[in-house]
Amino acid sequence: MKKPVSEQFNTAGSQTRRFGVGMVTPTLIVLLVMTAYPLIFTFVYSFTDYNLLRSMKNGANFIALKNYTDLLSNTYFRQSVFNTVKFTLLAVVFEMLVGFVMALLINSITKGQKLMRTLLLLPYLLPTVTVALSWRMMLSPNYGIVNQVLTSLHLPVHNWFSDVKTAFGMVLLIDVWQSAPFVFLLLYAALQAVPEGQYEAARIDGANAFDTLIHITIPNIKGALALCALLRTIDSFRLFDKVNLLTGGGPANSTSTITQYLYNFGIKSLDFGYGSAGAIIMTILVLILSSLYIKRAMG
Amino acid sequence: MKKLLSLMLALTLGLSLIACGGSSGGGGGTAPAANDTEAATEESAGDAEGGVTKLSLILRAGTYAEVIKECLPAFEAEHNVTCEVLELSEEDLHTGIALDAANTQGSYDLCMVDGSWMAEFTANGVLANLTELGYVLDDDIIPATTTISYVDGNAYLAPYYGNVTVLLYNKEIVQAAGYDGTDIASLDDILKICRQAQADGKKGFIYRGDSQNNFVVDFMPILLSFGGWVIDKNNKPTVNSQEFKDALNFYLELIATGDAEVKDDLIASVDTGAGAMGVGWPGWYTPTADTTADYCAITGAKSAGAKAHNANVYGIWTIGIPANSQNKELACELLTYLMDKDVQKSTVASGGVPCRYSSLQDPEILATYPQYEVVCKALEGGVYRPVIEEWTQFYTILGTEMDSIINGVKTVDQGLDDAQAQLEQLMGN
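The rules we used
- All residue numbers here refer to positions counted from 1 along the written sequence of the relevant chain.
- Going through the entries in the order they are written, you letter the chains from A and number the ligands from 1.
- Confidence filtering applies because this is a predicted model: local features only for residues at pLDDT of at least 70, side-chain atom pairs given and counted only at 80 or more, and all residues used for totals across whole chains, interfaces and linings.
- As a rule here, side-chain values cover all heavy atoms of the structure and leave hydrogens and water aside.
- To get an axis, a line is fitted to the C-alpha atoms, and for a helix only the part in contact is used. The angle between two axes follows their N-to-C directions and goes from 0 to 180 degrees.
- Here a helix means four or more residues in a row that DSSP labels H or I, a strand means two or more in a row labelled E, and each is numbered from the N terminus.
- Each angle receives one of four descriptions, namely roughly parallel if under 35 degrees, roughly antiparallel if over 145, roughly perpendicular if within 65 to 115, and oblique otherwise.
- By convention, the crossing between two helices is left-handed when the near helix turns anticlockwise from the far helix through less than a right angle, and right-handed when the turn is clockwise.
- Between two residues, a contact is recorded if the distance between any of their heavy atoms is within 4.5 Å.
- Residues are grouped as follows: Ala, Val, Leu, Ile, Met, Phe, Trp, Tyr, Cys and Pro are nonpolar; Asp, Glu, Lys and Arg are charged; all remaining types, including Gly, are polar.
- One bridge is not enough; two strands pair if DSSP finds at least two bridges between them.
- Side-chain rings of Phe, Tyr and Trp, where Trp is taken by its six-membered ring, are said to pair if the distance between their centres is within 6.5 Å; with planes under 30 degrees apart they count as stacked, over 60 as edge-to-face, and otherwise as tilted.
- The rule is simple: take the accessible area with a 1.4 Å probe, protein chains only, and divide by the maximum for that residue type; under 20% is buried, over 50% is exposed, in between is partly exposed.
- Counting as a charge over the ring demands two things of the Lys NZ or Arg CZ atom: a distance within 6 Å of the ring centre and an angle within 35 degrees of the ring normal.
- Annotation comment: domain bounds sourced from an automatic or database domain assignment.
- As used here, buried area is the combined drop in accessible area, with a 1.4 Å probe, of two parts when they are placed together.
- Any Lys or Arg side-chain nitrogen found within 4 Å of a carboxyl oxygen on Asp or Glu counts as a salt bridge.
- Pairs of N or O atoms are called polar contacts if they sit within 3.5 Å, as long as, within protein, a hydrogen donor faces a hydrogen acceptor (for residues adjacent in sequence, only side-chain-to-side-chain pairs).
- Whether a set of points on the 1 Å grid over the protein atoms alone is a cavity depends on a 1.4 Å probe fitting there but being unable to get out, while an open set qualifies as a pocket with protein on both sides within 12 Å along at least five of seven lines; lining residues are those with an atom within 4 Å of a point.
- Grid points are joined across faces, edges and corners, and a volume is the space filled by probe spheres set on the points.
- To form a nonpolar core, buried Ala, Val, Leu, Ile, Met, Phe, Trp, Tyr and Cys residues must be joined to one another through side-chain atoms within 4.5 Å.

Chemist: Would you mind showing me how to read the packing of helix α6 (residues 113–125) of chain A against helix α9 (residues 167–192) of chain A here?
Modeler: When two helices pack together, you describe them by how their axes are tilted relative to each other and by the distance separating the axes. Residue and element names in this part refer to chain A. Look at α6 against α9: their axes get within 6 Å of each other, and the N-to-C directions meet at 140°. In terms of their interaxial angle, α6 and α9 are classed as oblique. Between α6 and α9 lies a crossing whose hand is left-handed. Residues Q113, R117, L120, L121, P123 and Y124 of α6 form the contact with α9, whose participating residues are W177, Q178, S179, P181, F182, F184, L185 and Y188. Its residues assigned to classes, the contact of α6 with α9 shows 10 nonpolar, 3 polar and 1 charged.

What follows is the structure, given as structure tokens:
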């Protein structure tokens, strides 16, 4: 016999569902307002010639894909995409390597672990603006400590951020210096969770340090490695503040990232329509890059 | 349940779109409203009833803001108000004023505006009409500095800080090359001094290579000395003209003697004698008899005996009132006070550079700060950057191409042709 509707409505299962929906709804609303709405707006603007000031009087016009075609046909934008991808790949590789070595080192020492851990984390705790300005002072051709050391060694002084050959490398070095501790922190936590018994078994079987690393340590922390790589990829791809403060994208566009390009050609001139199109392209690129890691991590 | 949830989500999205989109005046569906006067009036009335106690100022950080801040206490005491000052870098100041202009009720009552933003701001109704508010630019202000202040006979901005390009040089290096600073008569003299410095193991000419704006502005005095400019009288770009190419080729020779540095390093280089000279601004450096560096006006002559052009580029910081200010009358009183000749004269000791004869030709001031004679001459014969609405995009495009040329990625012809094509597209030619 079929139960009345009111009875069905009041069953424990439906009450639980209602409660669940009620609990999730506020989060969904916040997400929609804070994430979906700006994303939709950015997407809509990317098809217009919206300029913050000019559109106050005349409004924005729908220009279909013009912003996208302008961007993709612009050599400086293409160079910025290339720079960003190059920077992301190099930064992630170096940060993972340095962070991993740091984690292994700290995990292996028995005394002073806490102190070393704190000291190594310091660069990551500093605000990016402070880091950028400190490095700019250290590398200053006039009063920078680096050039003073070079001078005392009778080596030529170099203008690190104004030379096409060194500017990109310097920005990369500073980013690795600041972000490797983040990788260290995550991998160090993962290393703590590797069962000691596996290492003991390996030792009994006569495995050397390299074999232990390849067959025990890395397989045990591969989830953390993938997560680090994913987070660092997303973060490196959005690189802006260091470039903006240290080089402004120069010299000769050699350090210009997508965000710096969009700042110069979209935000500074208040051409938000053009900037929005760039932001959409950037989001797609980040998603493509990240999806590789996500797929790997989920699989 | 799914339907209910979908309905709720759709409602939320719809409400947020309506709320955040605001009322769109004019033709644009997505554009924010310029001025919702009704709401503004209501709010303003509320303020008036409670008594206005706060004025917000958005200023260019550095000496420019410092000298204004120094004058505020007297005004605050006299008018029973408090003034809140927000100090920003040049680019953030531009964006900050523009973003606030989109609001019905502005957050700022007085803003500092670079002369090159004038066209963009007045064309889009960002600034209040000072003439309508009763402010008059007096005759004591150097006339050339007020040329951009007016639109259709109405004043919108008052020239506050007389920044104008000067040649900042190291005294010792210049003397070693056989000059004393006052006799640097042409670009050829500048090149000669810089080459001598390079031969002596020092840097010659130092330029700012850290942003598109700096690339363009540092080059402009050289371009003007060659009789060139970036646009013609019909606002058509002229960056691939022969004058421009000649000037850029000369500039490449000149900067090959030195290095690209950021502003602080440029000043330090010239001050310490690591470098010979560079284009600077009076706001950067206060020379005295004891300092190692000094500055002079660029004569505008390419070589000895050649025609001298007006080659000093204005970087004048003007002050104005945002059109959406909630306290325009009081802000106008503040602006009038800050522009007062005695108040402006009092700022000289703190690094202020008024665009006024009464300050720059004052015998007492000149006795302590003789460099103001140079500044006064430079201000009398200065040139504003093009007063065009697209100036930000213009210098970004030109500066990017100049960066490529200077760093050897493009040839002069190739880079300037590329810049010309992009600028013509920008200007709709």
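The rest of the description comes next.
Chemist: Help me out: how do you make sense of the sheet that holds strand β10 (residues 275–280) of chain B in this one?
Modeler: One key point about sheets: their strands pair by backbone hydrogen bonds, in either a parallel or an antiparallel sense. All names here are of chain B. What the 5 strands build is an open sheet, ordered β9-β8-β10-β7-β11; its pairing is mixed. This sheet does not close on itself; its edge strands, each paired only once, are β9 (259–261) and β11 (293–296). Ignoring strand direction, the axes of neighbouring strands in this sheet form an average angle of 30°. Across 4 bridges, the pairing between strand β7 (residues 166–170) and β11 is antiparallel. What sits directly across from L168, in β11, is Y295. Sheet contacts for helix α9 (residues 242–255): β8 (203–208) and β9; angle to β8, the most-contacted strand, approximately 120°.

Chemist: Looking at this structure, I do not really get the packing of aromatic side chains. What am I missing?
Modeler: Under the definition given, this model contains 29 aromatic pairs over all chains. Ring geometry for F41 of chain A versus Y45 of chain A: centroids 5.2 Å apart, planes at 90°, classification edge-to-face. Taken together, the residues span about one helical turn, with F41 of chain A and Y45 of chain A both in helix α2 (residues 12–45) at a distance of 4 residues. Between F87 of chain A and F168 of chain A the ring centres are 6.0 Å apart and the planes differ by 85°, which places this aromatic pair in the edge-to-face class. A residue pair is termed long-range when its members are at least 10 positions apart, and F87 of chain A in helix α5 (residues 75–108) and F168 of chain A in helix α9 qualify at 81 residues. Classification of F168 of chain A as buried rests on a relative accessible area of 13%. An aromatic cluster is present here, built from F205, Y207, F215, F219, F244 and Y251 of chain B joined pairwise through their rings. Above the plane of the ring of F168 of chain A lies K86 of chain A, whose end atom (NZ or CZ) is 4.3 Å from the centre.

Chemist: I would appreciate a short explanation of the domain arrangement of chain A in the present structure.
Modeler: Think of interface size as the accessible area that goes away when the parts come together; that is how it is often given. Taken domain by domain, chain A comprises domain 1 (5–45) and domain 2 (66–298). A straight line from the C-alpha centre of domain 1 of chain A to that of domain 2 of chain A covers 37 Å.

Chemist: Please clarify how the interface of chain B and chain A should be interpreted in this entry.
Modeler: Contacts between the two partners involve 57 residues from chain B and, on the opposite side, 46 residues from chain A. Roughly 4300 Å² of surface becomes buried between chain B and chain A when both sides are summed, with 61% attributable to carbon and sulfur atoms. Between R54 of chain A and E389 of chain B there is a salt bridge whose closest N-O contact spans 3.9 Å. In this assembly, chain B and chain A are joined by 15 residue pairs in polar contact (both at pLDDT 80 or more). Elements that contribute at least two residues to the side of chain B that touches chain A include exactly α1 (2–21), α4 (90–101), α5 (118–123), β9, α10 (263–272) and α16 (391–406) of chain B. A per-class count over the side of chain B that touches chain A returns 24 nonpolar, 20 polar and 13 charged.

Chemist: Just checking my understanding: could you explain empty space enclosed by the protein for this structure?
Modeler: In total, this model carries 5 cavities of 30 Å³ or more according to the counting rule given. Residue lining of the largest cavity: 18 residues in total, with N159, F161, S162 and L246 of chain A together with V262 of chain B positioned closest to the centre. There is about 120 Å³ of room inside the second largest cavity. Forming the boundary of the second largest cavity are 17 residues, of which G248, G249 and G250 of chain A together with Q212 and D403 of chain B lie nearest the centre. Tallied by class, residues from the lining of the second largest cavity come to 3 nonpolar, 12 polar and 2 charged.

Chemist: I tried to follow the nonpolar core on my own but got confused; where do I start?
Modeler: Grouped burial of nonpolar side chains is what soluble globular proteins tend to show. If you look at the biggest cluster of nonpolar residues, it comprises 89 residues, and the most contacted ones within it are I319 and L334 of chain B. When residues no more than four places from it in sequence are discounted, the contact partners of I319 of chain B are I68, L110, C111, M112, L130, Y156, L157, A158, Y160, L335, L338 and M339 of chain B. Within the second largest apolar cluster, 74 residues are counted, among which are Y68 and A277 of chain A together with M220 and I406 of chain B.

Chemist: Before we go on, may I ask you to explain the layout of surface pockets in this structure?
Modeler: The rolling of a water-molecule-sized probe over the atoms marks out the regions of remaining empty space. The space that makes up the largest pocket amounts to roughly 1200 Å³. When contributions to the lining of the largest pocket are tallied by element, the ones reaching two or more residues are α7 (128–138), α12 (241–246) and α13 (258–267) of chain A together with α3 (63–79), α4, α8 (212–225), α10 and α16 of chain B. For the lining of the largest pocket, the per-class residue count stands at 15 nonpolar, 18 polar and 12 charged. Here the second largest pocket is characterised by a volume of approximately 910 Å³. If you go around the second largest pocket, you meet 31 residues; those closest to its centre are K66, D70, D271 and Y274 of chain A together with L426 of chain B.

Chemist: How should I be thinking about unusual backbone geometry in this particular structure?
Modeler: Trans is the prevailing form of peptide bonds, just as negative phi is the prevailing case for residues other than glycine. At the junction of G250 of chain A and P251 of chain A, the peptide bond is cis and its omega measures out at -10° in the coordinates. Residue placement: P251 of chain A occurs in the loop between α12 and α13. The phi angle at A252 of chain A is positive, at roughly 50°, despite the residue not being glycine. A relative accessible area of 6% places A252 of chain A in the buried class. The backbone phi angle of N235 of chain B is positive, close to 65°, even though this residue is not glycine.

Chemist: Before we go on, may I ask you to explain the side chain of S254 of chain A in this structure?
Modeler: Within the element layout of this structure, S254 of chain A appears in the loop between α12 and α13. If we skip the residues at most four places from it in the chain, S254 of chain A touches Q79, N83, V164, A167, F168 and G249 of chain A.

Chemist: Before we go on, may I ask you to explain the environment of N103 of chain B in this structure?
Modeler: Relative to the assigned elements, N103 of chain B resides in the loop between α4 and β3 (110–114). Judged by its relative accessible area of 35%, N103 of chain B falls in the partly exposed class.

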